[in-house]
Amino acid sequence: MSDTTEVGGAGTDEARILGRGYRPYEGTRAGPVGAVSSVAWHSFRLALGMGRPARHKILPVVTATLSFLPAVVFAGLILLVSDLVTGDIGLLIEYHEYYGFSGFAVVLFCGLVVPDVLVADRRTGMLGLYLSTPLKRWSYLVAKAQAVMNALVIVTIAPLLVLLLAYTFSGEGPDGFDGWVITAGRIGLAGLAYATVFTSVGMAVASLTDRRAIASVGVIGLIIGSSVVTGMLVEVAEMSANFYVLNLLSMPFAMVAVIFGEPNGPPELSALLVVLANVAWAVAGGILIWWRYRRLAAKL
């Protein structure tokens with residue numbers, strides 16, 4: 001409530017005394033669940049540059065476009081010149097093979113998006129503000145992980161759905177409704193698995209520094225560097241092929257192949273070992289994130 005008392009008269013400056021009373025909050029109280037959803041939505045918008053100046057939209061848009069480009073090209077070829085695609089030339093690709101075309105764009109997207117979601121809160125003091133609300137450290141991290149996952153599935157699931165629709169309309173899609181549902185389910189599961197590994201690893205690296213550029217370089221460098229190192233260990237030094245489990249570039253790709261029931265990446269590794277390697281990467285990243293944020297001082 002507020003009331004106003006006016007003091008003054010003719011020929012004098014008018015004075016007003018404003019008295020403001022307490023106004024209780026009358027809106028919906030969503031509690032901790034609402035706080036997690038709110039932070040996740042805000043972080044998702046932040047990652048994609050929504051509501052921010054144009055310069056913050058460039059990198060997410062470019063990397064997302066790169067991930068969709070192969071799907072759009074293949075879809076166009078299938079729908080416009082299907083005889084060339086499905087005939088002797090055989091340009092038709094399997095769903096699990098698509099990550100061979102878009103994998104690097106996904107890595108770039110992860111390296112550029114994840115640091116924005118975590119680093120900014122620590123640099124600006126927003127972390128302390130968030131933790132003064134019903135959010136706890138673990139629920140804050142859940143909200144951030146949800147935001148990153150939502151952003152990553154745009155580049156891990158959506159392009160394959162475009163490909164699935166193109167195959168369906170051209171008559172090259174799965175047989176029957178059951179087959180279509182199973183294939184769509186595998187696409188969703190594969191995309192979530194792919195995104196989970198990169199979410200965990202990306203957030204773990206981003207938790208170690210307060211500089212966005214260093215975090216981006218660290219995420220991309222770790223993923224690509226692990227591929228180079230494991231390749232040298234196995235192919236040059238002729239060490240055990242089991243070292244491929246340390247390859248962050250090929251392990252998620254191999255798990256996608258396992259989900260689709262196809263031969264996985266490194267043929268020397270069993271499907272079980274591929275799955276366990278990806279689970280280990282995701283769990284290790286989560287442990288590092290939790291360890292880092294438990295020790296982190298939240299400053300307002």
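Note that the structure is predicted; figures quoted are calculated from it, not measured.

Calculation rules
Here the residue numbering is sequential within each chain, running from 1 through the sequence in written order. Under the rules for a predicted model, residues below a pLDDT of 70 receive no local features and side-chain atom pairs below 80 are neither given nor counted, while totals for whole chains, interfaces and linings still include all residues. The basis for every side-chain value is the complete set of non-hydrogen atoms in the structure, without hydrogens or water. Only DSSP runs of H or I covering at least 4 residues are called helices, and only runs of E covering at least 2 are called strands; the numbering of each starts at the N terminus. The buried label goes to any residue with under 20% of its type's maximum accessible area, the exposed label to any with over 50%, and the partly exposed label to all in between, with areas taken from a 1.4 Å probe on protein chains only. All accessible areas in this document rest on Shrake-Rupley with a 1.4 Å probe, and a residue is counted as covered only by the protein chains that are shown. Note on contacts: a residue pair is in contact if any heavy atoms of the two residues lie within 4.5 Å. The span expected for a helix works out to 1.5 Å for each residue beyond the first. Both site types are read off a 1 Å grid over the protein atoms alone. A 1.4 Å probe that fits but cannot get out defines a cavity, while an open set with protein on both sides within 12 Å along at least five of seven lines defines a pocket; lining residues have an atom within 4 Å of a point. Grid points are joined across faces, edges and corners, and a volume is the space filled by probe spheres set on the points. Following the grouping adopted for this structure description, the nonpolar residues are Ala, Val, Leu, Ile, Met, Phe, Trp, Tyr, Cys and Pro, the charged ones are Asp, Glu, Lys and Arg, and the polar ones are all others, Gly among them. Here, a salt bridge means any side-chain nitrogen of Lys or Arg that lies within 4 Å of a carboxyl oxygen of Asp or Glu.

A.B. asks: Would you explain the overall build of the protein in this entry?
C.D. replies: Within the protein one finds 11 helices and 2 strands. Secondary structure elements of the protein, listed N to C terminal, follow the sequence β-β-α-α-α-α-α-α-α-α-α-α-α. Every one of the 300 residues in the protein was classed for burial, and the buried ones make up 42%. Total accessible area on the protein stands at roughly 16100 Å², and carbon and sulfur atoms take up 65% of it.

A.B. asks: Explain the side chain of H96 to me, please; I cannot follow it from the model alone.
C.D. replies: Topologically, H96 is positioned in the loop between helix 3 (82-86) and helix 4 (99-124). Not counting residues within four places of it along the chain, the set of residues in contact with H96 comprises F253, V256, A257, F260 and E262.

A.B. asks: Help me understand helix 2 (residues 55-80), please; the structure alone is not making it clear to me.
C.D. replies: Taking 1.5 Å of rise per residue, the 26 residues of helix 2 would be expected to cover 38 Å, and the 36 Å separating its terminal C-alpha atoms lies within 8% of that figure. Along helix 2, the residues that are buried comprise P60, T63, A64, S67, P70, A71, F74, A75 and I78.

A.B. asks: Could you clarify how one ought to interpret the layout of surface pockets in this entry?
C.D. replies: To find the voids left in a structure, one rolls a probe of water-molecule size over its atoms. The space that makes up the largest pocket amounts to roughly 190 Å³. Around the largest pocket, the lining comprises 13 residues; the ones closest to its centre are E94, Y95, T183, R186 and F260. It is helix 8 (residues 176-206) that contributes the most residues to the lining of the largest pocket, 4 residues altogether. Looking at the lining of the largest pocket residue by residue, the class counts come to 5 nonpolar, 4 polar and 4 charged.

A.B. asks: Is there a simple way to explain helix 10 (residues 251-259) in this structure?
C.D. replies: Within helix 10, 7 of the 9 residues are buried, which leaves it mostly tucked inside the rest of the structure. Where helix 10 is concerned, the buried positions are M251, P252, A254, M255, V256, A257 and I259. Looking one or two residues past helix 10, G261 carries a phi angle of roughly 70°, positive in sign.

A.B. asks: How do you make sense of the pattern of salt bridges when you look at a structure like this?
C.D. replies: Where side chains of opposite charge bring their charged atoms close, a pairing between them can arise. The final tally for this structure, using the stated rule, is 3 salt bridges. In this structure, D116 and R212 form a salt bridge, with 2.9 Å as the shortest nitrogen-oxygen distance. Here D116, found in helix 4, pairs with R212, found in helix 9 (residues 212-236); they are 96 residues apart in sequence, far enough to count as distant. By relative accessible area, D116 is classed as buried at 11%. The shortest N-O distance in the salt bridge between D121 and K144 comes to 2.7 Å. In this pair, D121 sits in helix 4 while K144 sits in helix 6 (residues 137-156), placing the two residues 23 residues apart along the sequence. For the pair shown, D121 and K144 are each scored as buried.

In short, the description is geometric, and any link to function would need to be established separately.
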